[in-house]
Each structure stands twice: as structure tokens, then as C-alpha cells.
Amino acid sequence: MGLNERIRSQIADPQDRRGYVRSLFGRIARRYDLTNDVMSVGLHRRWKRSLLELADLQPHHRVLDLAAGTGDLAYGASRHLGPEGLVVAADLTPQMMRVGREREPASGTLSGWISADAIQLPFPDNAFDRVLIGYGLRNFVDLAGCLAEIRRCLRPGGRLLALDFGHPPSTTLRKTYFGYLNLSTRAVGWMLHRDREAYVYIPESLRRFPGQDGVMQLMLESGYVSCGYVDLFFGTMAINFGDKRKGPTRSSRRATTST
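Below, the structure is looked at part by part. (Residues numbered from 1 in each chain as written. Predicted model: local features only at pLDDT ≥ 70, side-chain atom pairs only at ≥ 80, totals over all residues. Heavy atoms only, no water.)

Here the focus is helix α2 (residues 14-28). Taking 1.5 Å of rise per residue, the 15 residues of α2 would be expected to cover 21 Å, and the 21 Å separating its terminal C-alpha atoms lies within 8% of that figure. Those residues of α2 not exposed but buried are Arg 17, Tyr 20, Val 21, Leu 24, Phe 25, Gly 26 and Ile 28. The inward-facing, buried residues of α2 contact α1 (3-11), α3 (32-40), α6 (94-101), α8 (171-193) and α9 (197-208). (Helix = DSSP H or I, 4+ residues; strand = E, 2+ residues; numbered from the N terminus. Expected span 1.5 Å × (residues − 1). Buried < 20%, exposed > 50% of the residue type's maximum accessible area, 1.4 Å probe, protein only. Contact = heavy atoms within 4.5 Å.)

Below is the structure:
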């Protein structure tokens, strides 16, 4: 059985996938940020800043960085808030959170780090004004269920924003993109982690991921309004967004960039 086939077999069952993802990210935690810089040539930092701009954060907001990893979005959000604001970072992987905590106070101070699974969040209803996710949607074992759980935790009028790998609209570009990911993830995984499998998970998880259009539809079905997405880098990345309903209207829209 080849490497790709072995990974597919390990993430096919939701329960197996949860354990696989937790173990995988535990192994790569120490060099996770460096690997992201190498694979995106530093562009992931610009895309995260774009997400924070779309979030329209206000000084009093209560913010959850879900699947926070080492806390890039959490620390970025904290710089937008006043003393009455609050930022919580939540992740499933203890090793990731440990690396993230080591960034304080150089990167800022957060209100807390919490171990949490997106399918059953340990927060009350209407707890947050914003929920931010950076490269976490693909890892959720029940995407529709997690979107509904996130919506429960948002205040009316609150917003979910999620940055992740996308599905380019062009079939030719999509094939080229998957070919590049298959090769580059093997190379980077071996060079930085001595583990070819570490990042081959990316293209395999992306094959199961509905992409920006599919996520927007799932958000609408889960009761979000004003849903849409911003394409980044020709649609190979995207930021999905949607609000928790305040009124009776239901709408969707799409915004596109190529940066």
C-alpha cells in the first residue's frame, strides 16, 4: 500500500481520523510555523492578516481562535482589542498549545488556552462575537456538525471566518495544484521533519474537503447568513465567512481576489 493510500485508510473513519490528526500535529508542532513559512513562502501571514481585516474586530469583542495551532490568529486578534476584549485559543493538540503558550508575552497575552474539539465546544451559547479558524476546517471530522456547534457559540450578529486550502475553479489549475501539493508536501515533510507523511496529509484531506463553495453551502444549511468567501492565490486558498442571524433574511455572496 502506497503512502497516499495508507493515509486515506487512516482518515476514512471519523474516529480514526480524530486520533490521526491529533497524533500528526503533535509530531510536527515544534516546526509547524517554520513549515508554513516554507510551504507558502511566507504568504500565509498575509492571508491571516486579510482574515483579521475581514473580521472587523472591535475593542470590546470576545474572540475564539478555534483549531488555533500555535495561536497566529489569536495573537493577531489580541492586538485589535481593548482591555475589555477577550481572546481564547482552543486546540485539540496539547503539543501545539504548548508551543503557542511559549510565544507569550512576546506575541501578546491571551485570555486562555483551552483543549477543545470543535464538535462539542466547552462554551455557553452566545459566548463569542467572532470565531476565527486558520487551516482547521479540513481537519474537522463532522464539518456540518462543527459549523452548527460554532454557530451555537456565536452571539446574534457574530461572525465565523475560516482560512483554508481551496479548490481552484479551473480544472487544469486544480490538477496542477494537486500535483504540486503531492510533490512539495513529501519534500518539505522529509526536509523539516524527516517524516514524508507529515504533510502528505494536506492533499489527502483536501480531496475530502468540499472547498470554498461547498463550505459556503454548508454554512447556509447550518443557519448562517451573509455567507461568502474570498479567493486567495487563484482560489488555491480561500477565506469563508458567515454571520449568525439577527433578523429573518438569508443571503449569500462571493468576493474574489487573487493575492
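From this point, the narrative continues.
Our next topic: the layout of surface pockets. What the largest pocket holds in volume is close to 530 Å³. Around the largest pocket, the lining is made up of 27 residues, and of these Met 39, Ser 40, Phe 165, Leu 181 and Met 237 lie nearest the centre. Listed by contribution, the elements that provide at least two residues to the lining of the largest pocket are α2, α3, α4 (43-55), α8 and α9. Looking at the lining of the largest pocket element by element, the count peaks at five residues for α8. Grouping the amino acids of the lining of the largest pocket by side-chain chemistry returns 20 nonpolar, six polar and one charged. Roughly 260 Å³ of internal volume is contained in the second largest pocket. Together, 13 residues line the second largest pocket, and Arg 49, Leu 52, Asp 72, Gly 76 and Arg 79 are the ones closest to its centre. Here the lining of the second largest pocket gets five residues from one element, more than from any other, and that element is α4. (1 Å grid on protein atoms, 1.4 Å probe; cavity = no way out; pocket = protein on both sides within 12 Å on 5 of 7 lines; lining within 4 Å. Points joined across faces, edges and corners; volume = space filled by probe spheres on them. Nonpolar A, V, L, I, M, F, W, Y, C, P; charged D, E, K, R; others polar.)

So, about empty space enclosed by the protein. What the rule picks out here adds up to two cavities of 30 Å³ or more. Its volume calculated, the largest cavity comes out at about 310 Å³. Taken together, 23 residues make up the lining of the largest cavity; nearest its centre are Val 21, Ala 67, Leu 92, Asn 139 and Phe 140. For the lining of the largest cavity, the secondary-structure elements that each account for two or more residues are α2 and β2 (86-91). When residues in the lining of the largest cavity are grouped by element, the largest group, four residues, is from α2. The space that makes up the second largest cavity amounts to roughly 90 Å³. At the level of secondary structure, the elements contributing two or more residues to the lining of the second largest cavity comprise α3 and α5 (72-78). Among the elements that take part in the lining of the second largest cavity, α3 stands out by supplying three residues, more than any other. For the lining of the second largest cavity, the residue count by class is five nonpolar, five polar and four charged.

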